[in-house]
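Overview (structure and organization)
In case you want the letters, here they are:
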Amino acid sequence: DAKTTQPTSMDCAEGRAANLPCNHSTISGNEYVYWYRQIHSQGPQYIIHGLKNNETNEMASLIITEDRKSSTLILPHATLRDTAVYYCIVRVAGSARQLTFGSGTQLTVLP
Amino acid sequence: NAGVTQTPKFRVLKTGQSMTLLCAQDMNHEYMYWYRQDPGMGLRLIHYSVGEGTTAKGEVPDGYNVSRLKKQNFLLGLESAAPSQTSVYFCASSYVGWYEQYFGPGTRLTVT
């Protein structure tokens with residue numbers, strides 16, 4: 001699996017968009033970009049995933065650069081409940097071997 | 001629809017004791033996973049199963065055993081607990097492969 005690099009922490013004002021970057025410069029053509037988050041003491045929660053096109057769902061948008069070497073997760077209107085650790089994971093779809101979550105980005109939404 | 005449930009929520013063991021953690025899902029998912037999460041660290045895959053009657057090793061399988069006798073249940077066993085196994089254990093399931101995974105609430109295990 002391709003390695004990912006994320007900032008350790010970020011702050012965002014409540015109501016503003018939160019933009020969380022992820023670098024994955026060694027990504028392969030068949031690897032997807034997945035985003036999960038973990039609110040303190042809870043199990044991780046799936047957010048969104050994509051291959052090369054931008055994706056949007058009810059929780060967030062995922063913007064993947066044309067060369068696929070980086071991506072950005074966008075929470076359009078952050079709330080206090082979005083405070084969590086956000087994990088960017090690069091993965092071949094359909095494979096469950098040797099799965100590893102990195103250390104992620106601690107997003108703190110400030111009132 | 002309860003999703004993924006884990007039993008127990010908390011447990012304290014003494015070194016050398018054994019225990020089994022139970023994971024149950026009611027979504028008819030084929031794949032199930034056990035992870036551990038240590039303080040300040042990300043999740044690490046212990047074992048996983050791609051279907052009833054199958055199991056496979058993940059990143060950190062030593063000291064653990066698993067069984068998947070029924071599709072909806074995935075058991076994680078510690079035969080002789082060690083302090084290094086103090087962690088939060090999460091179970092997850094997915095319909096197929098590594099797509100959207102649904103996680104349980106976790107089991108906090110302390111080994112003294």
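It should be emphasised that the depicted structure is a prediction, and the values quoted were computed from it without experimental measurement.

**Some remarks on the confidence of the model for chain A**
Confidence along chain A averages 90 in pLDDT terms, with 92% of residues attaining 70 or more. Ranking the helices and strands of chain A by mean pLDDT puts strand E6 (residues 61–64) of chain A first, with 98, and strand E8 (residues 84–92) of chain A last, with 90.

**Some words on the state of the cysteines**
Overall, the coordinates contain two disulfides over all chains when judged by the stated rule. Residue pairing for Cys22(A): its cysteine sulfur links by disulfide to Cys88(A), the two sulfurs lying 2.1 Å apart. Of note, the bridge from Cys22(A) to Cys88(A) carries an S-S torsion of about -80 degrees and is left-handed in sense. Of this pair, Cys22(A) sits in strand E2 (residues 18–23) while Cys88(A) sits in strand E8; the two residues are 66 residues apart in sequence, bridging distant segments of the chain. Judged by relative accessible area, which is 1%, Cys22(A) ranks as buried. Paired by a disulfide, Cys23(B) and Cys91(B) hold their sulfur atoms 1.8 Å apart. Disulfide Cys23(B)-Cys91(B): torsion about the S-S bond near -75 degrees, hence left-handed. Taken as a pair, Cys23(B) in strand E3 (residues 19–25) and Cys91(B) in strand E9 (residues 87–94) lie far apart in primary sequence, 68 residues in all.

**Side note on the pattern of salt bridges**
Throughout the structure, instances matching the rule amount to four salt bridges over all chains. Close ionic contact of Asp82(A) with Arg37(A) constitutes a salt bridge, the shortest N to O distance being 2.7 Å. You can see Asp82(A) sitting in the loop between strand E7 (70–75) and E8 and its partner Arg37(A) sitting in strand E3 (residues 31–38), a full 45 residues away along the chain. The pair Asp82(A) / Arg37(A) is uniform in exposure class, with both members buried. Between Asp38(B) and Arg44(B) there is a salt bridge, and its shortest N-O distance comes to 2.5 Å. On the accessibility criterion, Arg44(B) (22% relative accessible area) is partly exposed. Each of Arg36(B), Asp38(B) and Arg44(B) takes part in a single network of salt bridges with overlapping partners.

Rules used in this analysis
Residues numbered from 1 in each chain as written. Chains lettered and ligands numbered in written order. Predicted model: local features only at pLDDT ≥ 70, side-chain atom pairs only at ≥ 80, totals over all residues. Heavy atoms only, no water. pLDDT = per-residue confidence, 0-100. Helix = DSSP H or I, 4+ residues; strand = E, 2+ residues; numbered from the N terminus. Disulfide = S-S within 2.5 Å. Buried < 20%, exposed > 50% of the residue type's maximum accessible area, 1.4 Å probe, protein only. Salt bridge = Lys/Arg side-chain N within 4 Å of Asp/Glu carboxyl O.

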